[in-house]
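# Understanding the architecture of this molecule
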Amino acid sequence: MMESKEVLYKNLPYLLIPLLVLTDLLIKNYSVKYLEFGVSINFIPFIDLLLIYNSGIAFGMFDLDERIFSNIIFVIGLFIVIYLFKLMKDENALLRKYSFALIVGGALGNLIDRIPDGQVTDMFHFHTSNFSFFVFNPADAFISVGAVLIIYSELFYKNEITK
C-alpha cells in the first residue's frame, strides 16, 4: 500500500498536465460560447472579460495575424514542450517538477487551441483604471506561474533534494 502511494505521489505532476489542458480548453470554449468578441465585461478589479484571438506568443506579443508565422510558433512550441517534458522527467526536486508541469500543461493548451485557425483564444484583460496591460488565457497564467516557481526554486532551493 505504501509503495502505491509513493508511485502516485511521484506521478502527480504528470497527472496535472492533462487536467491543466482540459481546464484551459474548457474555459476557452466557454468564453467563445458565451462572450461577445471585443466586448469588455467587468469581472473583478483589474481584470475584465474580453474575448479576443491572437496569432502571436505570450500575452499577444508578435501578433502579426499571419498563418505562416503562427505555424512556425506552433512547431517551435512543440519542440519546447518536448524539451521541458524531458527536463521534468529528469528533475528530482518536486517543486520544479510541478513548475514544469504547469508550463507544459499551459503550452499544450495553447498549442491545441492554435491548431484549427492559427490563433489562441484570450479572455482575461488585465488593466488599471487608465492603462491596459494585456489580455491572456488560463494557459498563459499556468505558464507564468510555472516560470515564477522555477525562478523561485532556483533562487531559494537550488540544492533541494526530494524523495
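Scoring rules and cut-offs
- Numbers given for residues are sequential positions, taken from 1 along each chain in its written order.
- Two thresholds apply to this predicted model, a pLDDT of at least 70 for residue-level local features and 80 or more for giving and counting side-chain atom pairs, whereas whole-chain, interface and lining totals are computed over all residues.
- Only hydrogens and water are set aside when side-chain values are computed; all heavy atoms of the structure are taken into account.
- Helix numbers and strand numbers start at the N terminus; a helix is a DSSP run of H or I with at least 4 residues, a strand a run of E with at least 2.
- Working rule for contacts: check all heavy atoms of both residues, and any pair within 4.5 Å makes them a contact.
- Salt bridge criterion: a side-chain nitrogen from Lys or Arg within 4 Å of a carboxyl oxygen from Asp or Glu.
- Strands pair, by our definition, only if DSSP identifies at least two bridges between them.
- Here the axes come from fitting lines to C-alpha atoms, over the contacting stretch only for helices, and the angles between their N-to-C directions go from 0 to 180 degrees.
- For this analysis, a ring pair means two rings from Phe, Tyr or Trp (six-membered ring only for Trp) whose centres lie within 6.5 Å, classed as stacked if their planes differ by under 30 degrees, edge-to-face if by over 60, and tilted for the remaining angles.
- The cut-offs work like this: below 35 degrees is roughly parallel, past 145 is roughly antiparallel, 65 to 115 is roughly perpendicular, and the gaps in between are oblique.
- Should the near helix be turned anticlockwise from the far one by less than a right angle, the crossing is termed left-handed; should it be turned clockwise, right-handed.
- Basically, the charged four are Asp, Glu, Lys and Arg, the nonpolar ten are Ala, Val, Leu, Ile, Met, Phe, Trp, Tyr, Cys and Pro, and anything else, Gly included, counts as polar.

### Brief notes about the environment of Thr121
By the secondary structure assignment, Thr121 is in strand β3 (residues 120–127). In sequence terms Thr121 and Ile27 are 94 residues apart; their C-alpha atoms lie 9.7 Å from each other. Not counting residues up to four positions away in its chain, the partners in contact with Thr121 are Lys28, Val32, Leu51, Ile52, Tyr53, Asp113 and Asn137.

### Details of the pattern of salt bridges
This model, assessed by the stated rule, comprises five salt bridges. In this structure, Asp113 and Lys28 form a salt bridge, with 3.5 Å as the shortest nitrogen-oxygen distance. Of this pair, Asp113 sits in helix α3 (residues 94–114) while Lys28 sits in helix α1 (residues 2–34); the two residues are 85 residues apart in sequence, bridging distant segments of the chain. Each of the salt bridges in this network shares a partner with another, and the network as a whole consists of Asp24, Lys28 and Asp113.

### Examining the sheet that holds strand β1 (residues 40–44)
Sheet strands associate in pairs through backbone hydrogen bonding, adopting either a parallel or an antiparallel arrangement. Ordered by their spatial adjacency, four strands build an open sheet running β1-β2-β3-β4, and the pairing between neighbours is antiparallel. In this open sheet, the two strands that pair with only one neighbour each are β1 and β4 (132–136). On average, adjacent strands in this sheet sit at an angle of 40° to one another, irrespective of strand direction. As judged from the four bridges shared by β1 and strand β2 (residues 47–54), these two strands associate in the antiparallel manner. For Ile41, the partnering residue across the bridge sits in β2 and is Leu49.

### Points about the packing of aromatic side chains
Within the structure shown, the criterion is met by 10 aromatic pairs. Put simply, the rings of Phe43, Phe124, Phe126, Phe131, Phe133, Phe134 and Phe136 pair up and form one aromatic cluster.

### Focus: the packing of α3 against helix α4 (residues 138–156)
One way to put it is that α3 packs onto α4 with a least axis distance of 7 Å and a crossing angle of 155°. When the axis of α3 is compared with that of α4, the two are roughly antiparallel. When you trace α3 past α4, the crossing you get is left-handed. For the pair formed by α3 and α4, the contact residues are Leu95, Arg96, Ser99, Phe100, Leu102, Ile103, Gly106, Ala107 and Asn110 on the first element and Ala139, Asp140, Phe142, Ile143, Val145, Gly146, Ala147, Leu149, Ile150, Tyr152, Ser153 and Glu154 on the second. Looking at the contact of α3 with α4, its residues break down into 13 nonpolar, five polar and three charged.

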